[in-house]
Amino acid sequence: MSDDYEEIDLRALDDDELVEQMHDDLYNGLKEEVEQGTRILLERKWGADTVLDRALVGGMQIVGVDFRDGILFVPEVLQAANAMKGGMEILRPLLAQTGAEPIGKIVIGTVKGDIHDIGKNLVSMMMEGAGFEVIDIGINNPVEKYLQALETHHPDILGMSALLTTTMPYMKVVIDTMKEKGIRNDYIVLVGGAPLNEEFGKAVGADAYCRDAAVAVDTAKALIRARRLARVA
Ligand code: B1M
């Protein structure tokens, strides 16, 4: 990635160059530039989901690799995350613009010990866009906070996110506590996050593991439909 901070006219770049420049800007934590690039791609009639996938998520993948390899450190990754959030905020209303009636309600939060929230926020946005009412309870949630949110909001779905191999087992603590309290079957439980997989989802007793935000939306819709059909049958 380039360390070159000289002023670049983003509008003068073609689409591929602009996406590459946005990856650089994300990497360098340049929020305003990432926001400007996001706006330019939208002006060029790119769909919000394509901007998200190619320019923002694609850029964050590069950051992730260099973080893993010890080339980037926490402060730099935080700046990159902040720049990504700037772009996401511009896309949020567009992703949520379906005008549909709420088709279900989801409480979603990142588990205890884990402060990663970009993926969760993305899932929340895509869920909103698909017509769900989303109650986002944030990061670092102990089991008590999940239970309190379920009691207060009566959602159809509980969604949990974890990005660390050390925090993902906490999902089982939440689900086991729901079982102990006799409320597990009152909710659809969806789990997600980069280190998880299908097998893990089954092992902790979730209804489904969701690889990404689009899968989360499809899975949520399908399981709500199945549950409603089962109720009338
Ligand atoms: Co962290 N971090 N981090 N980090 N960080 C990872 C996760 C890591 C893989 C980096 C690496 O080594 N390559 C690594 C984990 C290794 C492991 O556990 N095996 C790691 C580490 C080690 C750490 C620290 C321990 C570092 C340290 O302090 N030494 C520390 C832990 C802090 C803590 O949580 N207690 C830490 C800190 C941070 C920052 C604060 C600097 C920052 C977070 C900022 C923020 O979120 N506000 C950060 C970041 C940004 C990352 C990486 C680079 C990017 C994560 C991300 O946002 N991805 C990440 C590397 C990577 O994943 N490539 C890394 C983009 C996002 C769109 O994808 O979150 O996977 P993702 O979400 C996807 C799907 O997973 C799914 O849908 C989303 C959208 O498609 N999904 C769900 C996610 N949640 C879902 C919930 C659902 C459904 C689907 O519910 C229904």
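These figures come from a predicted structure and were not determined experimentally. Per-chain numbering applies: the sequence of each chain, read as written, is numbered from 1 onward. In keeping with the model being predicted, local features are shown solely for residues with a pLDDT of at least 70 and side-chain atom pairs are shown and tallied solely at 80 or more, while totals for entire chains, interfaces and linings include all residues. Calculation of side-chain values draws on the structure's entire complement of heavy atoms; hydrogens and water are dropped beforehand.

Let's shift gears to the coordination of the cobalt atom of the ligand. Donor selection uses N, O and S atoms within 2.8 Å of the metal (3.2 Å for Na, K and Ca). Since no water is included, sites may look incomplete. For the cobalt atom of the ligand, the protein contributes exactly one donor atom, His116 (NE2), at 2.2 Å. Only DSSP runs of H or I covering at least 4 residues are called helices, and only runs of E covering at least 2 are called strands; the numbering of each starts at the N terminus. Here His116 is to be found in the loop between β1 (104-110) and α5 (118-129).

Once that is clear, we can look at helix α1 (residues 15-27). Given a helix with a known number of residues, its expected span is that number minus one, times 1.5 Å. In a regular helix each residue adds 1.5 Å, so 13 residues correspond to 18 Å; α1 covers 18 Å between its end C-alpha atoms and thus fits that length. Burial classes: relative accessible area under 20% of the type maximum marks a residue as buried, over 50% as exposed, and values in between as partly exposed (1.4 Å probe, protein chains only). Residues Leu18, Val19, Gln21, Met22, His23, Asp24, Asp25, Leu26 and Tyr27 constitute the buried set of α1. On its buried face, α1 sits against α2 (31-43), α3 (48-68) and α4 (74-95). The opening residue of α1, the one whose side-chain oxygen lies 3.1 Å from the backbone nitrogen of Asp16, is Asp14. In this description, contact between two residues means that some pair of their heavy atoms is separated by no more than 4.5 Å. Counted as a polar contact is a pair of N or O atoms within 3.5 Å, where, for protein atoms, one must be capable of donating a hydrogen and the other of accepting one, and residues adjacent in sequence contribute only when both atoms are in side chains.

The subject of this paragraph is the environment of Leu78. With respect to the element layout, Leu78 can be found in helix α4. Accessibility expressed as a relative area gives 55% for Leu78, which makes it exposed. Spatially, the C-alpha atoms of Leu78 and Leu18 are 22 Å apart, while their sequence positions differ by 60 residues.

Another aspect to go through is the site of the ligand. Every one of the 33 residues lining the ligand counts as a neighbour, but Arg68, Ile115, His116, Asp117 and Ser161 are closest to it. Take Ile115: an N or O atom from its main chain is 2.8 Å from an oxygen atom of the ligand. Those elements giving two or more residues to the shell around the ligand turn out to be α3, α4, α5, β3 (157-161) and β4 (188-192). If one sorts the elements of the shell around the ligand by residue count, α4 sits on top with 5 residues. Residues belonging to the shell around the ligand are distributed by class as follows: 18 nonpolar, 9 polar and 6 charged. Put simply, a residue is near a molecule or strand once any heavy atom of it comes within 4 Å of that molecule or strand. Polar here means any residue outside two lists: the nonpolar Ala, Val, Leu, Ile, Met, Phe, Trp, Tyr, Cys and Pro, and the charged Asp, Glu, Lys and Arg; Gly therefore counts as polar.

Treat this as a map of the structure, not an account of what it does.
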